[in-house]
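# Architecture at a glance
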Amino acid sequence: MHDVIIVGGGPAGLNAALILGRARRKVLLCDAGEPRNAATPRTWGLFTRDGTPPFDLRAQGRADLDRYDTVECREIAVMHAAREADGFTIVLADGRRERARRLILATGLAQDIPDIEGFDTYWGTGVHSCPYCDGFEVRDRPLIVYGRGHGGCGLALELTGWSHDVTLCTNGGDGELSDQDRDRLERNGVRVNEAEIARLEGQGGRPTCLRFRDGSETACAALFLMPFACSPSPLIAQLGCELDETRSVVPTQEYEKTNVPGLYVAGDASRRVQFAVVAAAEGAMAAFAINAEFVAEATR
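Attention in this report is confined to the structure presented alongside it. Note that the structure is predicted; figures quoted are calculated from it, not measured. (Residues numbered from 1 in each chain as written. Predicted model: local features only at pLDDT ≥ 70, side-chain atom pairs only at ≥ 80, totals over all residues. Heavy atoms only, no water.)

### A few points about the pairing of strand 12 (residues 197-203)
- Alignment of strand 12 against strand 13 (residues 206-212), held across 6 bridges, turns out to be antiparallel. Bridging from a neighbouring strand, Arg199 pairs with Arg211 of strand 13. (Pairing = 2+ DSSP bridges. Helix = DSSP H or I, 4+ residues; strand = E, 2+ residues; numbered from the N terminus.)

Below, the structure written as structure tokens:
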């Protein structure tokens, strides 16, 4: 019986393991090694590590855990998880079972990339989901937002902080923008193109042009996807976690607690602000809360 099992070896999972290791808790961290940002060359906006490649960050995080003999890391996927009277049981990809008093899901999200030619080709290098993470590198260049309705409008307006050349492409989604949204977009210099998209083209590993089925085209240095085009880990549904209205993230409570007793969700799967530094902080908060619970139980 472990004190805590952590599923996911990104910033949230690694930082949770670090805090728990320093609290001398018996921890098992399981990581499938398939992060959402695997195709991203750099991780931006992380204090003292701005621009570090994602896998370098993960490698350093794993190395930091080596000094804590109560923390075990395994490169393996977790296939199933269930809550029991005294904790949780997980089933690993090799069929083994492990048990713990508490469980942290730091599984992140799986990006659902629209089925349009070229989008998957440039995912991470020219197709992004977060302007705070990738907007600065394409500042003052032609930017495209792929989205519809009020959410697409919001992302397009947000991008005007990085460029005055922004186009919202709805891919045939005419009629989904309200008159108020259209007015705001026009007043802020954001173009709206409602033609159906044919493909995203580029060269040298970067996109350069978005082509439409009507034969028109527009320059594109980067394309940003409307928020919440993501899927949570199946473990979240298996354990009975509540999801928010987007069906993408868990509306966690204080210290990353969920509606399932003893279960915590930290990182991208629990918040809209999907920054590496925020994920790491959430992992630390979950670890702190769990250790505080253990102390309270042991000293009653």
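On we go from here.
### A closer look at the packing of helix 1 (residues 11-22) against helix 7 (residues 276-298)
- At a minimum axis distance of 7 Å, the contact between helix 1 and helix 7 shows a crossing angle of 35°. The two elements helix 1 and helix 7 meet at a crossing, and its hand is right-handed. Of helix 7, the residues touching helix 1 (which contributes Pro11, Ala12, Asn15, Ala16, Ile19 and Leu20) are Ala276, Ala279, Ala280, Ala281, Gly283, Ala284, Ala287, Phe288 and Ile290.
- The residue inventory of the contact of helix 1 with helix 7, partitioned by class, reads 13 nonpolar, 2 polar and no charged. (Axes fitted to C-alpha atoms, helices over the stretch in contact; angles between N-to-C directions. Left-handed = near helix turned anticlockwise from the far one by under 90°. Contact = heavy atoms within 4.5 Å. Nonpolar A, V, L, I, M, F, W, Y, C, P; charged D, E, K, R; others polar.)

### Some words on the packing of helix 1 against helix 2 (residues 54-65)
- Orientation of helix 1 relative to helix 2, taken along the N-to-C sense of each, is 15°, at an axis distance of 10 Å. Taken together, the axis directions place helix 1 and helix 2 in an arrangement best described as roughly parallel. The way helix 1 lies across helix 2 gives a crossing that is left-handed. In contact with Leu14, Ala17 and Leu18 of helix 1, helix 2 contributes Arg58, Gly61, Arg62, Asp64 and Leu65.
- Its residues placed into classes, the contact of helix 1 with helix 2 shows 4 nonpolar, 1 polar and 3 charged. (Parallel < 35°, antiparallel > 145°, perpendicular 65-115°, else oblique.)

### Quick word on the sheet that holds strand 12
- Pairing is antiparallel across the open sheet formed by 3 strands, whose spatial order is 12-13-14. Of all strands in the sheet, those bounded by a partner on one side alone are strand 12 and strand 14 (217-219). Each strand axis lies, on average, 25° off the axis of its neighbour in the sheet, ignoring direction.

### With respect to the pattern of salt bridges
- Counted by the stated rule, this structure contains 20 salt bridges.
- In this structure, Arg101 and Asp3 form a salt bridge, with 3.0 Å as the shortest nitrogen-oxygen distance. In this pair, Arg101 is assigned in strand 6 (residues 97-105) and Asp3 in strand 1 (residues 2-7), connecting sequence segments 98 residues apart.
- You can call Asp3 buried: its relative accessible area is 13%. (Salt bridge = Lys/Arg side-chain N within 4 Å of Asp/Glu carboxyl O. Buried < 20%, exposed > 50% of the residue type's maximum accessible area, 1.4 Å probe, protein only.)

### Brief notes about the packing of aromatic side chains
- Overall, the coordinates contain 4 aromatic pairs when judged by the stated rule.
- Ring plane angle 85° and centroid distance 5.4 Å describe the contact between Tyr132 and Trp162, whose orientation is recorded as edge-to-face. With Tyr132 in helix 3 (residues 131-134) and Trp162 in the loop between helix 4 (149-159) and strand 10 (166-169), the pair connects residues that are 30 residues apart, well separated along the chain.
- On the basis of relative accessible area, Trp162 is assigned to the buried category, the value being 17%.
- Seen in terms of ring centroids, Tyr132 and Phe275 are 5.5 Å apart; in terms of plane orientation they differ by 55°. Their pairing is tilted. Of this pair, Tyr132 sits in helix 3 while Phe275 is found in the loop between strand 17 (263-265) and helix 7, placing the two residues 143 residues apart along the sequence.
- Residue classification places Phe275 among the partly exposed positions, given a relative accessible area of 25%. (Phe/Tyr/Trp six-rings, centres within 6.5 Å; stacked < 30°, edge-to-face > 60°.)

Without other data, these values stay purely geometric and don't point to any function.
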